[in-house]
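Notes for the structure review
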Amino acid sequence: MQKFIARRLLFMLFSVFGATAVVFSMSRMTGDPMLLYAKPGGYGLTPEQEAFIRKKLGLDRPLVVQYFMWLNNVVHGDLGKTLLDERAVTKIIGEKWGNTMQLGLAAGIFSVLVGVPLGVLSAVKRGTVWDFMGRTFALLGMATPQFWIGLMFIFFFGVKLHWLPTGTKYGYEAFPMSWDNIRHFILPAIVLGWYPAAGFLRITRSAMLEILDSEFVKFARAKGVRGQLVIWKHAFRNAIIPPLTLIAVTLTGFITGAVVVEQVFAWPGLGSMAIYAVFNNDFPLLTGITLIFIMLFATANFLADLAYGYLDPRIRYE
Amino acid sequence: MAEAKAVSGLRRVGTLAQRGWRFNVRWPVLPSFILVALILTAILAPWIAPYSPYKTDLLARNAPPFWYSGWYAENPDVEKHFLGADYVGRDLLSRIMHGARISLTVSAIAILAGMLVGSTLGLLAGYFGGLVDEVITRFVDIWLSLPFILIAMVAAIVLGTSTNVVMGVLALLAWSVFVRNVRAEVLSLKTRDYVALARVAGASTSRIVLSHLLPGVVNTIVVIATLRVGQLIIAEATLSYLGAGIPSPTPAWGLMVSEGRDYLSTAWWTSLFPGAAIFILVMALNFIGDWFRDRMDPRLRQL
């Protein structure tokens, strides 16, 4: 077990390292970040001043050196400063982090609370109208582009019906929970959570179907255990394991989704910041955000592995 | 009669309507029809589209769909636009038809490239095992932990936005899933007796891999490809929507949705129809993919 944890931890560090290296070098290929300050010789910038700024930012060193300088700072909790207004990246991430997490949490709750029960229902009532509805819900979630369904929700529920705010979050928090605050989360959370909910539904359904067909469930039924008890105690407990592995996949979905959904709903989170960073060629900000996303993903993956092993003792650790 | 012939594999019971329904359940009739129709539209777009997708007409700015006859009565100078027109008066239907070309070619080329690279690596990793396997698998793991959308956006800005870049980026997204599944398949196939016998008979490595293992994993490859195309189409549309995909004024569906975004409250059709086109195409592809999987490779059901 310890060996397994150590192995996974090592791999986690390795993947974070590799991924940031890729992103860092790519973000530096977007062009000379010096151009953000001034064109060569522009705005009365003398070559000496230009050389000074370049040196101050470390842009005169080779790319590899710049990466390790950055990595060294990261280990010391310093993600550098944004190029445009020289604010600390950690500070910006700290400000926006909560908004993205709240949205992700809301979407996660939505996807599990909708996906898993619908998956069970779909499996238990296989072939009925319930099954059909559940599977349609999943198919829709898999086939609709998030940016489009987001815009359509805004148009329909916000502009036409005036039921819900169109999601702009400024000044609204998930906590304290008041109806006015929660209202702002409904549309973005559904849009972000639909695709993962579809995934949860499908995997829960197939796991439930497999287990409902197994010998011990048949035996439980044969000895006269009540139907509901068989479904929840015998079958569901065993069927919940496969959806757990999906958590990691779901998280990547959230990361991609967060960028899109935050853009659509003008949500001031890390996703919006990432788009801002890319279009302003702000590489410290972009690498910082990417690092956070990668670490989040790696940690979740690691925890999912452990949970999987804990819940299903049949799994052997290498 | 033609229908009765086609369902000859089923028991011939029930009325014609019942048999027709069973045929519909057993074969992906409607999705195939939609897919074929969209492919034909894509091929024939220059000839069947009512207008040029680039022709602007400032009188027809945000012209509504055909059922708003009142609007067309008030503006008698404007030509009829079946699905309306966008913010510079380009005909939406024509742009959607041409958009089918972009979506289908980009995703088809990307999935083929991803399929080729991914399956090759999967075969190598599975067959050779050891260090080759370790390197390839670890690389795939790292690759899957990258936030794809950020990488794609950076790539779009490094290399400029163009159709070729989008294809490349999508291929980079597509390949990894092939490696994992093909590798797993090869791992079990290579322990079979027939592979050992081929080796005893003196077959070379390339012969074993290409003519003994590859045919065994073709089903898996095809099933994954059909299931993945839809996701690639959505990824392409998402990148175009964010401004990091197909550049304007090319009629790409994602781009059209984003162009209509600012006019959502007054001209909803400019965003709704292109997005609906993406949705219908992906839905059809997913249905066909699911059907294909259940028929050819039910073990992949968890994908």
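Cut-off values and rules
Residues numbered from 1 in each chain as written. Chains lettered and ligands numbered in written order. Predicted model: local features only at pLDDT ≥ 70, side-chain atom pairs only at ≥ 80, totals over all residues. Helix = DSSP H or I, 4+ residues; strand = E, 2+ residues; numbered from the N terminus. Buried ≥ 20, exposed ≤ 12 C-beta atoms within 10 Å, placed from the backbone. Contact = placed C-beta atoms within 7 Å. Nonpolar A, V, L, I, M, F, W, Y, C, P; charged D, E, K, R; others polar. Expected span 1.5 Å × (residues − 1). Bend = angle between axes of the 7 residues up to and from the residue. Axes fitted to C-alpha atoms, helices over the stretch in contact; angles between N-to-C directions. Parallel < 35°, antiparallel > 145°, perpendicular 65-115°, else oblique. Left-handed = near helix turned anticlockwise from the far one by under 90°. Core = buried A, V, L, I, M, F, W, Y, C linked by C-beta atoms within 7 Å. pLDDT = per-residue confidence, 0-100.

The next point concerns the overall build of chain A. Helix and strand content of chain A: 12 helices and zero strands. N-terminal to C-terminal, the α/β element order of chain A is α-α-α-α-α-α-α-α-α-α-α-α. The 318 residues of chain A split such that 40% are buried. The contacts in chain A between residues at least 6 apart in sequence include a share of 72% that link residues at least 24 apart.

Below, the discussion takes up the overall build of chain B. Along chain B, the regular secondary structure elements total 12 helices and zero strands. The 303 residues of chain B split such that 45% are buried. Long-range contacts, defined as pairs at least 24 residues apart, comprise 72% of the intrachain contacts of chain B with a sequence gap of at least 6.

All right, on to the environment of Tyr194 of chain B then. Take Tyr194 of chain B: it is sitting in helix H9 (residues 193-200). Taking the C-alpha atoms as reference points, Tyr194 of chain B and His212 of chain B, separated by 18 residues in sequence, lie 8.3 Å from one another.

Facing 36 residues of chain A, the contacting portion of chain B comprises 35 residues. Counting residues per element, the ones that place at least two in the side of chain A that touches chain B are helix H1 (2-28), helix H5 (129-143), helix H6 (146-160), helix H7 (179-212), helix H10 (241-264), helix H11 (270-279) and helix H12 (283-311) of chain A. Grouping the amino acids of the side of chain A that touches chain B by side-chain chemistry returns 27 nonpolar, nine polar and no charged.

In an α-helix, one turn spans 3.6 residues; hence positions three or four apart end up facing the same way. Its 36 residues place the ends of helix H4 (residues 89-124) of chain A 50 Å apart at the C-alpha level, agreeing with the 52 Å of an ideal helix rising 1.5 Å per residue. Remark: the principal bend of H4 of chain A, roughly 35°, maps to Lys96 of chain A.

Residues and elements named next belong to chain B. Interhelical geometry of helix H10 (residues 205-242) versus helix H12 (residues 269-296) gives an angle of 165° and a closest axis separation of 9 Å. It follows from the interaxial angle that H10 and H12 lie roughly antiparallel. Handedness of the crossing formed by H10 with H12: left-handed. Here H10 contributes Asn219, Val223, Thr226, Leu227, Val229, Gly230, Ile233, Ile234 and Ala237 to the contact with H12, which in turn contributes Ile278, Leu281, Val282, Leu285, Asn286, Ile288, Gly289, Phe292, Arg293 and Met296. Partitioned by chemical class, the residues of the contact of H10 with H12 number 13 nonpolar, five polar and one charged.

What follows concerns the nonpolar core. With 156 residues, the main nonpolar core has Ala274 and Ile289 of chain A together with Ala152, Met153, Leu170, Leu232 and Ile278 of chain B as its most contacted residues. Filtering out sequence-adjacent residues up to four positions away, Ala274 of chain A remains in contact with Val259, Leu286 and Ile289 of chain A together with Leu150 of chain B.

A word on the confidence of the model for chain B. Residue and element names in this part refer to chain B. For chain B, per-residue confidence averages 84 on the pLDDT scale, and 93% of positions sit at 70 or higher. When mean pLDDT is compared element by element in chain B, helix H5 (residues 92-128) scores highest at 92, while helix H1 (residues 2-6) scores lowest at 48. For residues 1-5, every residue scores under 50 in pLDDT, and the model assigns this stretch three contacts once sequence neighbours within four places are set aside. Our summary of model confidence lists the complex with pTM equal to 0.84 and ipTM equal to 0.84.

Now for unusual backbone geometry. With omega at 0°, the peptide bond leading from Ser248 of chain B into Pro249 of chain B counts as cis. Mapped onto the secondary structure, Pro249 of chain B falls in the loop between H10 and helix H11 (253-260). The backbone of Ala266 of chain A sits at a positive phi, close to 50°, despite the residue not being glycine. Mapped onto the elements, Ala266 of chain A comes out in the loop between H10 and H11. Given 14 C-beta atoms within 10 Å, Ala266 of chain A falls into the partly exposed group. Phi angles above zero are rare outside glycine, and Asn62 of chain B is one such case at about 50°. Tracing the chain through its elements places Asn62 of chain B in the loop between helix H3 (29-48) and helix H4 (69-74).

All names here are of chain A. Over its 15 residues, H6 runs 20 Å from end to end, which matches the ideal 21 Å to within 8%, given 1.5 Å per residue. Those residues of H6 that sit buried are Gln146, Phe147, Trp148, Ile149, Gly150, Leu151, Met152, Phe153 and Ile154. At the C-terminal side of H6, His162 shows a positive phi close to 55°.

Residues and elements named next belong to chain B. With respect to the helices and strands, Pro251 occurs in the loop between H10 and H11. Overall, Pro251 belongs to the buried group, with 26 C-beta atoms counted inside 10 Å. Ignoring sequence-local partners within four residues, the contact set of Pro251 consists of Pro53, Arg95, His98, Gly99, Ile102 and Met256.

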